[in-house]
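# Observations on the three-dimensional arrangement
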Amino acid sequence: MKSKWLDSDWNPTNMVGTFSYDKLFSRDSADTPLNPVAHAKYDFAVAYPAPETLPMDGLIQALQTAVDSNSEKVLAEMAYYPQQLGAIELREYTVQKLVTDRGFSVTSEELALTNGSGEALGLVIQALTNPGDIVLAEEFVYMGTTNQLRRFGADIRGVAIDDGGIIPEALEKQIIDLNSAGDKPKYLYTIPEHQNPTGSTLSEQRRRAILDIAHKYGMPILEDDCYVDLRYKGETQPAFRALDDSGIVVYVASYSKLLAPGLRLGYFTCSPDLMRRALSFKIGSGPNQFAAVAIEGFLKNNLDLHRDNFNPILEAKCNSMVDALEEHFHNSGAVWSAPQGGCYVWLTMPEDADIASIRDEVFDQGVGYVAGPNFEADGSGRIGKNCARLCFAFESVEKNSEGIALLAQLFKQHGVM
Ligand SMILES: Cc1ncc(COP(=O)(O)O)c(C=O)c1O
């Protein structure tokens, strides 16, 4: 019998794209657009730290040193799957870093390394969220997390914020209102340091007030400390986790912004019972061992030097963007945040200026930004259309100035300024 593989009529190259999955997709799958790779000439839409600060040589050197000093050990680690919590050396280093930088102490068994902090957030969200659960978050908040929350059915409600982040009184009132309607928030997600997108930092006083509320209403806090290393001005505030070791705080952070997102290394720590539940959703083993060895080797000798190098660069970039906003937007009725770190300036135009609907055209004309509605916690599209997140970290000082000048010109051309 002639095999179909040999049949001259059967030509797989003619069949590309003809197989249909239409009836095969799982119920929970969704058609997800692939990440666009397009960059505007002035790209303020990204969420990257300053690319020129990536310590490539240092990371390679650290890897080489680790291999040279104990090649058998490193090779053995590479040859096996990493344990679920991730490389022990990087966990031990991270535990020490948390003591020094964030003022709280956990054991290396209470800390899990993850494939970026996005994975950590996803694991915790899956461990805590049933469809319909109410989750509170800053009314403008990082969409990577709200996307994950929605995927697992959370009903996200935005909490009122001002320049100093979540307003504790507003938070408590919201919980009371929910309670009187027979509802109860399951947990609070917050980015207390250099918030994404608004750039705000919660004071210690507010953190303490929010912790009191959390205890009063039995509501855990999912603390996302992704930007804590990126401070060039003012005082770092104590982590929620440093102010409370009852287990009500879940602490998540990342090496993405300190070093590079491409390394894909984040981490989290929480109470052991929640950790076990969260890890039950983890597919496969701990994160990339190669990256873990390089990060640990580099940071144990260079953390302060590295921070001292990149934070002034960030500051100069932030200043150039803020100065340009001052110069080109000062009579427009717009206001913008004055970050002390992180990567973002939050621009708020007058209420009737719909800068969300012109975003694509402005992008094609040379300036990229992320429009406010993308960050609305409740996804209602009610409050963000006159707002935008501008990343100051990625482009150069010069391009930040030029790009903001062009943005003002384009806003005028589109009649929103
Ligand atoms: C607030 C916040 N949390 C978490 C992440 C996820 O970062 P990663 O998965 O690279 O650690 C980001 C990325 O932009 C972020 O802005």
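See the structure shown above.
These notes cover the structure that comes with them. Just so you know, the residues in each chain are numbered from 1, in the order the chain's sequence is written. Restriction of local features to residues with pLDDT of at least 70 applies here, the model being predicted, together with a cutoff of 80 or more for giving and counting side-chain atom pairs; totals for whole chains, interfaces and linings are based on all residues.

### Quick look at the site of the ligand
Close to the ligand lie 14 residues, the nearest being G116, S117, G118, S254 and S256. Put simply, DSSP H or I for four residues or longer makes a helix, DSSP E for two residues or longer makes a strand, and each gets a number counted from the N terminus. Here the shell around the ligand gets three residues from one element, more than from any other, and that element is helix α4 (residues 116–128). Note that Gly is not counted as nonpolar here; it falls among the polar residues with everything else outside the nonpolar set of Ala, Val, Leu, Ile, Met, Phe, Trp, Tyr, Cys and Pro and the charged set of Asp, Glu, Lys and Arg. Its residues assigned to classes, the shell around the ligand shows five nonpolar, eight polar and one charged. Near residues are defined by distance alone, with the backbone-placed C-beta atom required to lie within 6 Å of the molecule or strand.

### A few points about the sheet that holds strand β14 (residues 370–371)
The four strands lie next to each other as β11-β12-β15-β14, forming an open sheet whose pairing is antiparallel. Unpaired on one side and paired on the other, β11 (335–336) and β14 mark the two borders of the sheet. A pair of strands is considered paired only if DSSP assigns at least 2 bridges between the two. The pairing of strand β12 (residues 344–348) with strand β15 (residues 387–391) spans five bridges and is antiparallel. Paired with Y344 across the strands is C391, a residue of β15.

### As for the pairing of strand β4 (residues 155–159)
Note: strand β3 (residues 134–138) against β4, five bridges, orientation parallel. Residue pairing across strands places I134 opposite D155, the latter belonging to β4. Handedness of the crossover is the feature at issue here: the chain leaves β3, passes through helix α5 (residues 143–151), returns alongside β4, and the resulting connection is right-handed. Handedness of a crossover: with both strands directed away from the viewer, a clockwise path from the first strand across the helix to the second marks it as right-handed.

### Structural notes on the environment of A160
Considering the arrangement of structural elements, one finds A160 in the loop between β4 and β5 (161–162). By the C-beta count within 10 Å, which is 13 here, A160 ends up partly exposed. Note: C-alpha distance between A160 and E138 (22 residues apart in sequence) is 6.6 Å. Residues in contact with A160, not counting those within four places in the same chain, are E139, I167 and A170. Using C-beta atoms placed from the backbone, we call a residue buried if 20 or more other C-beta atoms fall within 10 Å of its own, exposed if 12 or fewer do, and partly exposed for counts in between. Two residues form a contact once the distance between their C-beta atoms, set from the backbone, is within 7 Å.

### Things to note about the sheet that holds β3
On the basis of which strands lie adjacent, the open sheet formed by seven strands has the order β2-β10-β9-β8-β7-β3-β4 and mixed pairing. Because the sheet does not close on itself, it has two edges, and the strands there are β2 (111–114) and β4. Between one strand and the next, the sheet's axes are offset by a mean angle of 20°, whatever the strand orientation. Examined bridge by bridge, strand β7 (residues 185–190) and strand β8 (residues 221–224) share three bridges and lie parallel to one another. Helix axes are fitted to C-alpha atoms over the stretch in contact, other axes to C-alpha atoms as well, and angles between N-to-C directions run from 0 to 180 degrees.

### Looking at the pairing of strand β10 (residues 266–269)
With burial as the criterion, each face of β10 is covered, one bearing G266 and F268 and the other bearing Y267 and T269. As paired elements, β2 and β10 share four bridges and run antiparallel to each other. Opposite L111, over in β10, you have T269 as the bridge partner. Of the pairings in the sheet, the one linking strand β9 (residues 249–254) to β10 comprises four bridges and is antiparallel in character. Across the sheet, V252 pairs through a bridge with F268, a residue of β10.

### Section: the nonpolar core
In this usage, the nonpolar core is the set of buried Ala, Val, Leu, Ile, Met, Phe, Trp, Tyr and Cys residues whose C-beta atoms join them within 7 Å. In this structure, V124, F268, I295, L347, L390 and C391 are the most contacted members of the largest nonpolar core, which totals 110 residues. Boundaries between domains were set according to an automatic or database domain assignment. Both domains that meet at this core, namely domain 1 (42–54 + 304–413) and domain 2 (56–301), each give it at least three residues. Contacts of L390, omitting those with residues within four sequence positions, involve F44, M321, Y344, V345, L347 and Y369.

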